[in-house]
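One letter stands for each residue in the lines below.
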Amino acid sequence: MECRLRVAERLRREFPGWGAKLGEDHLVDLGVLGQISDTALTRDAAIRFEKTGLPNTFVPGRNLLFFTFAAAIGYRRGLKHLVGGMCETDYSGYPDCRDDTLKALQASLSLGMDQRFVIHTPLMWRDKAATWELAQDLGSMPLVELIRDETHSCYQGHREHRHDWGFGCGACPACDLRHKGWDAFVAGRNTA
Ligand code: ZN
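For the structure given in this document, a descriptive report is provided here. (Residues numbered from 1 in each chain as written. Predicted model: local features only at pLDDT ≥ 70, side-chain atom pairs only at ≥ 80, totals over all residues. Heavy atoms only, no water.)

### Structural notes on the overall build of the chain
So, point 1. The helix and strand tally for the chain stands at seven helices and four strands.
So, point 2. Of the regular secondary structure in the chain, the N- to C-terminal order runs α-α-α-α-β-α-β-α-β-β-α.
So, point 3. In terms of overall size, the chain behaves like a compact globule, its C-alpha atoms giving a radius of gyration of 17 Å where 192 residues would be expected to give roughly 16 Å.
So, point 4. For the chain, the spread of C-alpha atoms along the three principal axes comes to 50 × 45 × 30 Å.
So, point 5. In the chain, which comprises 192 residues, the proportion classed as buried is 34%.
So, point 6. Summarising the internal contacts of the chain: among those between residues at least 6 apart in sequence, 55% fall at separations of at least 24.
So, point 7. Of note, the chain has its 24 positive side-chain charges centred 3 Å away from the centre of its 25 negative side-chain charges. (Helix = DSSP H or I, 4+ residues; strand = E, 2+ residues; numbered from the N terminus. Rg over C-alpha atoms; globule rule 2.2 N^0.38 Å. Buried < 20%, exposed > 50% of the residue type's maximum accessible area, 1.4 Å probe, protein only. Contact = heavy atoms within 4.5 Å. Lys, Arg positive; Asp, Glu negative; His and termini not counted. Charge placed at Lys NZ, Arg CZ, Asp CG, Glu CD.)

Structure representation (structure tokens):
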């Protein structure tokens, strides 16, 4: 939540062509999720895998709620395009990150608000190496470096130590995916 302001500020400054298209930051407090879920993301608990095969960081319905709130704001503003970073290529198995789920949600939101919404998930079929490549294609190394330095994937939110692949504890499932993706991206760049 704190990182997003720095990311937006640097995007505006370093990529003025995109910055001109960025709207105001609009933050909606969904802390209520913590009252109805009991997960390692909404309380202080060690990360482990459950019998379901999902990590205990799974917050049931989270992305459904995020997009539902985003659509409600979009409805008010007359916007139909909703964009999310979900991915089911190399991911932790969360069912609300899957393409089928989000296609169904797009239909539900469009029907339920009687307004056409389109959910865009540009990372859905890209693994983490291809996601770094996309950043490089879009904004060259300055964008790769902005993402590496100003964002993290870590479930623990660790920003004390910067690895080659960015900040993180280096041990949680999200750090593991990010680390592997970065290594594959660098290996691909070296052989290109
Ligand atoms: Zn981590």
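### Side note on the packing of helix α6 (residues 128–150) against helix α7 (residues 173–191)
Two quantities define a packed helix pair, namely the angle between the helix axes and the distance between the axes.
So, point 1. Direction vectors running N to C along α6 and α7 enclose 85°, while the axes themselves pass 10 Å from each other. As the angle between them shows, α6 and α7 are arranged roughly perpendicular. Taking contact as the criterion, the partners of Lys128, Ala129, Trp132, Glu133, Gln136, Met141, Val144, Ile147 and Arg148 in α6 are, on α7, Leu177, Arg178, Gly181, Trp182, Ala184, Phe185 and Arg189.
So, point 2. Looking at the contact of α6 with α7, its residues break down into nine nonpolar, two polar and five charged. (Axes fitted to C-alpha atoms, helices over the stretch in contact; angles between N-to-C directions. Parallel < 35°, antiparallel > 145°, perpendicular 65-115°, else oblique. Nonpolar A, V, L, I, M, F, W, Y, C, P; charged D, E, K, R; others polar.)

### Let's talk about the coordination of the zinc ion
So, point 1. For the zinc ion, the full set of protein donor atoms is Cys154 (SG), Cys169 (SG), Cys172 (SG) and Cys175 (SG), and the range of their distances to it is 2.3 to 2.4 Å.
So, point 2. Taken together, the four donor atoms coordinating the zinc ion span angles of 104 to 117° at the metal, a pattern that classifies the geometry as tetrahedral.
So, point 3. Coordination of the zinc ion draws on donor residues from a single chain, spaced C-x14-C-x2-C-x2-C in sequence. Taken together, the positions of Cys154 in the loop between α6 and β3 (162–163) and Cys169 in the loop between β4 (166–167) and α7 put the pair 15 residues apart, joining distant regions of the chain.
So, point 4. For Cys169, a relative accessible area of 26% translates into the label partly exposed. (Donors = N, O, S within 2.8 Å, 3.2 Å for Na, K, Ca; no water. Tetrahedral: all angles 85-135°; square planar, octahedral: opposite > 155°, others 65-115°.)

### A look at a nonpolar patch on the surface
So, point 1. Judged by side-chain polarity, Val28, Ile36, Leu65, Phe66 and Phe69 come together as a nonpolar surface patch covering roughly 430 Å² of accessible area.
So, point 2. The element best represented in the nonpolar patch is helix α4 (residues 62–77), accounting for three residues.
So, point 3. Relative to the elements of secondary structure, Phe69 occurs in helix α4. (Patch = residues over 30% accessible without salt bridge, like charges linked within 9 Å, V, L, I, M, F, W, Y side chains within 5 Å. Areas by Shrake-Rupley, 256 points an atom, 1.4 Å probe, with all protein chains shown as cover. Salt bridge = Lys/Arg side-chain N within 4 Å of Asp/Glu carboxyl O.)

### Remarks on the packing of aromatic side chains
So, point 1. Inspection of the entire model under this criterion finds four aromatic pairs.
So, point 2. Taking 4.8 Å as the distance between ring centres and 80° as the angle between the ring planes, the aromatic pair formed by Trp132 and Trp182 counts as edge-to-face. Remark: Trp182 occurs in helix α7 and Trp132 occurs in helix α6; sequence separation between them is 50 residues. Assigned by exposure class, Trp132 and Trp182 land together as buried.
So, point 3. With a centroid separation of 6.4 Å and 25° between ring planes, the pair formed by Trp132 and Phe185 is classed as stacked. Residue Trp132 is found in helix α6, and its partner Phe185 is found in helix α7; the two are separated by 53 residues along the sequence. (Phe/Tyr/Trp six-rings, centres within 6.5 Å; stacked < 30°, edge-to-face > 60°.)

### Some remarks on the environment of Arg116
So, point 1. Mapped onto the elements of the fold, Arg116 is located in the loop between α5 (99–112) and β2 (118–120).
So, point 2. Separated by 45 residues in sequence, Arg116 and Ala71 place their C-alpha atoms 9.9 Å apart.
So, point 3. Those residues within four positions of Arg116 in sequence are excluded, and the remaining contacts are Lys80, Gln106 and Ser110.

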